[in-house]
Structure formats: structure tokens, C-alpha cells
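Summary of the model geometry
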Amino acid sequence: MTSEFRHHCIVPPYLLERLLKDDDGEVRQAALNTMLTTAHLRGERAVRAAFPGLATPGNARRTIYDCRNTTSLPFAVLARSEDGPEAADVSVNRAFDVLGKTRDFFQRVFARNSIDGHGMRLDGYVHYGYEFANAFWDGRQMVFGDGDGRVFSDLTGSISVIAHELGHGVTEHTTGLEYHNQSGALNESMSDVFGAMVEQWTLGQTAEQADWLIGREVFTPQIEADALRSMKAPGHAWNTEKFGKDPQPDHMSKYVNMPDTYEGDWGAVHYNSGIPNKAFYLTAATIGGYSWEAPGLIWYEALKASNSETRFQEFADTTYRKAGELYETGSAEQMAVLGAWQEVGISITGVSAGLARARNRPAGKNGDATAAVRALTAQVQELSRDVATLKGRATAGG
Amino acid sequence: MKVTLATHGGLAAPVLASLPPDVVDTHALPESDAAELSRLVAAAVPASAAAAGNPEPPKRAPDAMSHSITVEEGGHSSVLVQSDADMSPEFAALLRWLKEHVARD
């Protein structure tokens, strides 16, 4: 006989009170532990709010907590605050710095005030768990493990990973893409897009200069793997004796079908994200220049125009429509989007494949006209950045 | 008693999917370790059972891993599943013991 107990979420207080009277001592103790943890969390929040130096809601203030290798966020200790001094702990400082870079990226590039657009505070928890080889966004904060030291390194060492996790927060506060099947893979892909853009923006890299790897620093030197994922070449980030070959598809013909369960990665969300990842890379490579300019703006606007159940086809259509709205119908940018999706096996609705092929030429190969469009686009983007900066100042001042 | 730990999902889901689960058999452990493992399992089972009655759907935190601990004893098998984003202290203690034990080996 097999039974399965899954811990879903916080147990309601009335149930905890009932469990406190249970005949089984273990059950009583478990209920008591849960109640103590909850009470401690409430108390800690009240105490933290009373200290002026700590992060308060708004203004995207950063606070890093040290879990001291436990899995308890309420018991984590304050390690660095927005106005506090640099910490002695390198993981704390790395998380603090990259949260700041990501916050600045969204403010300056998309005029977005933090994760929620309203100055949400940025809380990061480092040294989570024992040999915890993961990082995740739990709906309110980012959590980072130290890695196991054998396969995975400290997760705070990767800017693309930290920006990826913050990207989940942005997606949650814009469309809330459901975390399963195609909407989940899009959710994952958007986080990779944000992760790559934040890294490239920080380094000042063009699409051509960037390596388009996500989590390059995640593996220990003993592991012969380039990164967790490659947006430029999904399916080619690693090929080792220990793990086998990177299974990410780069085309709809290779779409991975897995069950919508935890064992199935909620419908292969970390696998099929390779398809829209490749489409973004191709768009950026075709347009040329910086990924966070035209390509990033098109993807960001498409994300905002999506909903929680958006699938690949709908998202592709939206990026095409947004490219036309932002850069004119038939522009080099819109044609780059069209060609990119076609190359990964998704035809834009209402556009014939023949037309797509005929018009899909890399920007720059159409002679002077394209060069002129790109020059004008660059000027528009420069103006957009200025406006975004002014908007950001107005928001911060308000 | 045989205890099997499998981890799914997370930032590196495809990598983890290729790794075999970790298995610990109390028959192969020193008596004190076996007793400790049995105590941790006994504490984790009721905590998971108490939470299993919750009618709300599981919380799907992006990139959170799910840990599945299968306990086999006397022809009976129980599977405890908890996520990074929502883990009881008892389950966390059992998970840590298993990881420490596997790392030691």
C-alpha cells in the first residue's frame, strides 16, 4: 500500500488548534512547531518594521537575510540593509549588488519601479538549507542556496540566475503566467530573457558579443558544463557522462511532453522554454545591437499584453503585433520577430509562410533603407530611455 | 526500513532529472544512525499527514524543487512530498539528515 502526504501551504489556525489536542504526541508537537513558527514570523515582522534602518515597503529597498543553512525564513538574521554597511559575507554582498543592478535595469530600461511597478521591497535570503542547490522566487522574496560544492556552486555567483528569479516576480505581477505547460515554459523563458538582458546590460554587451548562457557560474569547476541553459543553442549547454545531454528543444518539432506534475517539471517548463528562448535570441541577433532595446521592449510589451494562460502561438502573435505598433508595420524589427518565430516552428497567425520567408532577411542586408531605419530606431530608443529616466525620477519623487 | 530521496524540478530541473535517487537502508547503518533516521521519519510523517488535509491546491513557486521521500517498511510504503517553498521543520530535518548521510558516503 502506498500513501502520499503533500505539504501544500500554511495550515489554518482552527486545524492547528484541533491538532494540538490530538492523541498522538508527534502530531501535537508538529502543530505546536507550526504555531510557534507562525507567531515568530508575525512578531519578527512587527519588530523589523519598528527599526528605521531596515527595508520598509516601497522604494525598492534591498534587504539580505542569512538563513544560516536552515530552511526557516522567519528565523533568518538580517545581513545587510539598503543603508547599512557592506557585509563580511561575499554571498550577502553579491546578492545585494545584483538585486540593485536588476532593480536599476528595470527602472532605467523599462521605467518599471521594482518588481511590482510600485517600488516593492527586494528581500533576498542567502545560505538557505543544507547544500541547497537551487534558487527560487516564492511570491514575496528570493531564496538562494550555497550549492552542494560537488556539482553546484553558490547560486549568488550568477547574475543571470539572480535576475532570472527577480524576473519571475515581474511576470507574476504583470500577467501571472500559470506555472505549467506552455504558459509555464513562457514564464521560464521570460525569466531567462530578463536574466540575459540584465547581464548584457551590466556588461555593456551587444547581442553579437554576448554568449547567451544562463547560469554560467552555477556548476563547480569539476563539472564540464557550460551553463544551465543556452538561449543561442538550446540543447547544447551541457553534454556530460554524469548528466547526459541538455534536453532543451530549439524547435516546436522537438517539443517535450511531460506530465503536469512535480515529477514532470509541471509539463516540462524548464525544457520547452528553449523554444521561445531561441526566438528571442534570433530576434536580437537579427536586429543587432543591444538586446534590451528593440527586442527587449517588444518582449516586455508582449508580456504585459498577455494573460495567465497565454501559450506560445498567442505570445508569438503578440510580439509580432507589438513590433508593428512600436516600430511600424513591415519594419526590420517586425520582420526579425516574424522570422525568429518561424525558425523555431511557429508561424505568425495571418501571415503566410512565403511572405515570412521573403521578408525575413537579417537587418542590415537590405541596404541603405534598413540602415536608415536602424539609425532612426536608435534615436527613438535614445529618446525612450530619456523619457523612462524622467518618468522614474517623477515616480521616485512622488 | 528503506528510505529513498528523489528531487524534482528547480532551476536545474533537467540536470536533476538525470541523477538517480539516493537510497538509505537502515540495515546497513550503525544502530545509532538507524534509530535517528527512524525518529526523524516518525516525526515527518504526521507533520505531512496533518498538512495533507489542506484543501487548497499546492503552491507552485517558480523554480522551487519538490522533494519526494519514500519510506518502505514491512510491505508498506509511504511517500512524503514537500516543496522548497513550503516545508515543515520535521520534513526539513529529515531531508537534511539524508543529504548529510549521502554526502558522507
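Residues numbered from 1 in each chain as written. Chains lettered and ligands numbered in written order. Predicted model: local features only at pLDDT ≥ 70, side-chain atom pairs only at ≥ 80, totals over all residues. Heavy atoms only, no water.

1. Side note on the confidence of the model for chain B
- Chain-level statistics for chain B give a pLDDT mean of 89 and a share of 90% at 70 or above.
- No element of chain B has a lower mean pLDDT than helix α2 (residues 31-52) of chain B, which averages 88, and none a higher one than strand β1 (residues 2-9) of chain B, which averages 96. (pLDDT = per-residue confidence, 0-100. Helix = DSSP H or I, 4+ residues; strand = E, 2+ residues; numbered from the N terminus.)

2. Digging into the layout of surface pockets
- Here the second largest pocket is characterised by a volume of approximately 770 Å³.
- Contributing to the lining of the second largest pocket are 28 residues, with T7, L16, L19, P20 and D22 of chain B lying nearest its centre.
- Put simply, the parts of the chain that give the lining of the second largest pocket at least two residues each are α6 (265-272) of chain A together with β1, α1 (13-17), β3 (65-73) and α3 (89-104) of chain B.
- Residues belonging to the lining of the second largest pocket are distributed by class as follows: 16 nonpolar, four polar and eight charged.
- Counting contributing residues per domain, the lining of the second largest pocket is built from domain 2 (52-157) and domain 3 (181-397) of chain A, each supplying no fewer than three. (1 Å grid on protein atoms, 1.4 Å probe; cavity = no way out; pocket = protein on both sides within 12 Å on 5 of 7 lines; lining within 4 Å. Points joined across faces, edges and corners; volume = space filled by probe spheres on them. Nonpolar A, V, L, I, M, F, W, Y, C, P; charged D, E, K, R; others polar. Domains from an automatic or database assignment.)

3. A look at the packing of helix α3 (residues 90-110) of chain A against helix α4 (residues 159-174) of chain A
All names here are of chain A.
- Direction vectors running N to C along α3 and α4 enclose 55 degrees, while the axes themselves pass 10 Å from each other. Between α3 and α4, the crossing angle belongs to the class labelled oblique. The two elements α3 and α4 cross, and the hand of that crossing is right-handed. For the pair formed by α3 and α4, the contact residues are R94, A95, V98, L99, K101, T102 and F106 on the first element and I159, I162, A163, L166 and V170 on the second. (Axes fitted to C-alpha atoms, helices over the stretch in contact; angles between N-to-C directions. Parallel < 35°, antiparallel > 145°, perpendicular 65-115°, else oblique. Left-handed = near helix turned anticlockwise from the far one by under 90°. Contact = heavy atoms within 4.5 Å.)

4. With respect to the pairing of β1 of chain B
Residue and element names in this part refer to chain B.
- Judged from the four bridges that link them, β1 and strand β2 (residues 22-25) form a sheet pairing that is antiparallel. Bridge pairing in β2 links L5 to D22.
- For β1 and β3, the ladder comprises eight bridges, and the chain directions are antiparallel. Each bridged residue has a counterpart across the sheet, and for V3 the counterpart in β3 is V71. (Pairing = 2+ DSSP bridges.)

5. Topic: unusual backbone geometry
All names here are of chain A.
- Here the phi dihedral of H127 falls at roughly 55 degrees; this positive angle occurs in a residue that is not glycine.
- Along the chain, H127 turns up in the loop between β4 (122-126) and β5 (135-137).
- With relative accessibility at 13%, the residue H127 sits in the buried group.
- Notably, E131 is not glycine yet its phi reads approximately 50 degrees, a positive angle.
- Among the secondary structure elements, E131 is positioned in the loop between β4 and β5. (Buried < 20%, exposed > 50% of the residue type's maximum accessible area, 1.4 Å probe, protein only.)

6. Some thoughts on the UniProt feature "active site" (unreviewed entry) in chain A
Residues and elements named next belong to chain A.
- The UniProt feature table records "active site" (unreviewed entry) at E165 and H270. Judged by maximum C-alpha separation, these annotated positions cover 106 residues in sequence but sit close together in space, the widest gap being only 13.4 Å.
- Mapped onto the secondary structure, E165 falls in helix α4.
- The buried category is assigned to E165, whose relative accessible area is 0%. (UniProt positions renumbered as here; feature names shortened; annotations may be inferred.)

7. Structural notes on the pairing of strand β2 (residues 62-66) of chain A
Residues and elements named next belong to chain A.
- Most of β2 is tucked away, with five of its five residues classed as buried.
- Alignment of β2 against β4, held across five bridges, turns out to be parallel. Of the residues in β4, the one forming a bridge with T63 is D123.
- Bridge analysis of β2 against strand β3 (residues 77-81) gives four bridges, and the strand direction is antiparallel. Across the sheet, the residue bridging to T63 is S81, located in β3.

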